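A structural walkthrough
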Amino acid sequence: MIDLRSDTVTKPDDRMRDAAHAADVGDDVYREDPTVAELERRAADRVGTEAALYVPSGTMGNQIAARVHTERGQELLADRKSHVVKYELGGAADHSNLQVRMVDAERGVPSPSQVADGLVEESLHRPGTGLLWLENTHNARGGLAIDPERIAAAAEPAREHDVPVHLDGARVFNAATALDVPVTEITEPVDSVMFCLSKGLGAPIGSMLAGSEAFVEEARRVRKLFGGGLRQAGIIAAPGLEALENVEDLERDHEHAELLAEELDGIDGFDVQPPETNIVLADVSGTGLETEAVIERLEEEDVLATQFGPSTVRFCTHRDVSREDVETALERIEAAF
Ligand SMILES: *Cc1c(COP(=O)(O)O)cnc(C)c1O
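Residues numbered from 1 in each chain as written. Predicted model: local features only at pLDDT ≥ 70, side-chain atom pairs only at ≥ 80, totals over all residues. Heavy atoms only, no water.

So, about the sheet that holds strand E10 (residues 279–283). Spatially, four strands are ordered E9-E10-E13-E12 in an open sheet, and the strand pairing comes out antiparallel. The open sheet has two free edges, formed respectively by strand E9 (271–272) and strand E12 (306–307), since each of these has just one partner strand. Of the strand pairs in this sheet, E9 and E10 are connected by two bridges, and their pairing is antiparallel. Of the residues in E10, the one forming a bridge with Asp271 is Asp283. (Pairing = 2+ DSSP bridges. Helix = DSSP H or I, 4+ residues; strand = E, 2+ residues; numbered from the N terminus.)

Structure follows, in structure tokens:
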């Protein structure tokens, strides 16, 4: 089976399993787990913030950020295809009582004028904007790598109005790799950033939420509130430390995505845009089949992908897929279509 559904399907390698086995642990709610503490320090260093917090999932990291930055009833300003809008079960409304103001942003990041127009001043009638939300890479728009200038430009009007900015950087290392910039250039203009250890970096569990000392202190409290305070979490943080060493391998996933996209585009019925990172979106309406049927046919050939919109199939490359796997997948897809 060649599993191209997501980079979340990566399994921990021997290095990670050995690290878990050997991890020094303690009760992390009492802040006595040295491995978690080390991971939090290293993660903060990586993204250039004062502090970071280990969280069980990217979704929890995002939801904690929304809660910490805002007051109930405020507005959250986000692209309409953001993960927080599409795939977090309305958590911003559920956990933090926010209303979401959506903009249709080119490349998924609102332009400075979209931000300026979308910001709401607090008044007797209006709750005001509590948070600007950015995403990089932008998942639903095809793993787009958003350059630091665009992030900084979006953040500026928010800053001028004292509105904090959160970056959903689940795959921010993919963005930095694709753009060949230090990740800190991307994270510099934002107040907090979440990134996933459990996607392309290959850890079995966990994400990091990073920001100022004060932000992380409050985030730690909210993590407990959301049921995310963990005990001997060094067992899962140790593979996370290994995962941080895997950033350079993301380049290879991007090359695989490029190969996949190029060849796939040549197959009858598949219309594929050149990918920017490890996500390949294929419009399959040209096959004349329902998208579900396309996915089923792929599955019969032992190739897994996911539906991503009415006529779109998403293929995602990752560290458990070799170049040979990609070539084999392409042969099978070509044979099937
Ligand atoms: C995967 C993802 C998340 C959430 O991460 P989980 O660990 O699956 O909860 C958040 N944002 C984006 C853009 C993602 O792709």
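What follows covers the environment of Met16. Its location among the elements puts Met16 in helix H1 (residues 14–22). Taking C-alpha positions, Met16 is 25 Å from Ala178, a pair spaced 162 residues apart along the chain. Not counting residues within four places of it along the chain, the set of residues in contact with Met16 comprises Leu201, Gly202, Ala203, Pro204, Pro239, Glu242, Ala243 and Asn246. (Contact = heavy atoms within 4.5 Å.)

Enumeration according to the criterion identifies three aromatic pairs in this entry. Judged by centre distance (5.0 Å) and plane angle (85 degrees), the ring pair of Phe173 and Phe195 falls under edge-to-face. Of this pair, Phe173 sits in helix H8 (residues 172–179) while Phe195 is found in strand E7 (residues 192–196), placing the two residues 22 residues apart along the sequence. Taken as a pair, Phe173 and Phe195 share a single burial class, namely buried. Stacked on the ring of Phe337, the Lys or Arg Arg297 has its end atom at 5.2 Å from the ring centre. (Phe/Tyr/Trp six-rings, centres within 6.5 Å; stacked < 30°, edge-to-face > 60°. Buried < 20%, exposed > 50% of the residue type's maximum accessible area, 1.4 Å probe, protein only. Lys NZ or Arg CZ within 6 Å of the ring centre and 35° of its normal.)

Here we come to the pairing of E10. The hairpin turn running from E9 into E10, its antiparallel successor, is six residues long. As paired strands, E10 and strand E13 (residues 312–316) are joined by five bridges and run antiparallel to one another. Counted as the bridge partner of Val280 is Phe315 from E13.

What the seven strands build is an open sheet, ordered E2-E8-E7-E6-E5-E3-E4; its pairing is mixed. Looking at strand neighbours, the two that pair on one side only are strand E2 (51–55) and strand E4 (99–103), the edges of this open sheet. Each strand axis lies, on average, 20 degrees off the axis of its neighbour in the sheet, ignoring direction. As paired strands, E2 and strand E8 (residues 207–211) are joined by five bridges and run antiparallel to one another. By the bridge assignment, Val55 is partnered in E8 with Ser207. (Axes fitted to C-alpha atoms, helices over the stretch in contact; angles between N-to-C directions.)

A few words now on the pattern of salt bridges. Pairing between side chains of opposite charge can happen when the charged atoms of each approach one another. This structure, assessed with the given rule, holds 19 salt bridges. Measuring nitrogen to oxygen at the nearest pair gives 3.7 Å for the salt bridge that ties Arg15 to Asp13. For Arg15, a relative accessible area of 34% puts it in the partly exposed group. Using a relative accessible area of 26% as the deciding quantity, one classes Asp13 as partly exposed. When the shortest N-O distance is used, the salt bridge between Arg41 and Glu38 registers 3.0 Å. Highlighted residues: Arg41 and Glu38, both in helix H2 (residues 34–47), separated by three residues, approximately one helical turn. Assessed through its relative accessible area of 25%, Glu38 is described here as partly exposed. (Salt bridge = Lys/Arg side-chain N within 4 Å of Asp/Glu carboxyl O.)

Looking now at the site of the ligand. The environment of the ligand is formed by 14 residues, the closest being Gly58, Thr59, Asp168, Arg171 and Lys199. At 2.6 Å, a side-chain N or O of Asp168 approaches a nitrogen atom of the ligand. Taking Arg171, its side chain carries an N or O atom lying 2.9 Å from an oxygen atom of the ligand. Of all elements in the fold, only helix H3 (58–69) and E7 reach the threshold of two or more residues within the shell around the ligand. Of the residues assigned to the shell around the ligand, the class counts are three nonpolar, six polar and five charged. (Near = heavy atom within 4 Å. Polar contact = N/O pair within 3.5 Å; in protein donor to acceptor, adjacent residues only side chain to side chain. Nonpolar A, V, L, I, M, F, W, Y, C, P; charged D, E, K, R; others polar.)

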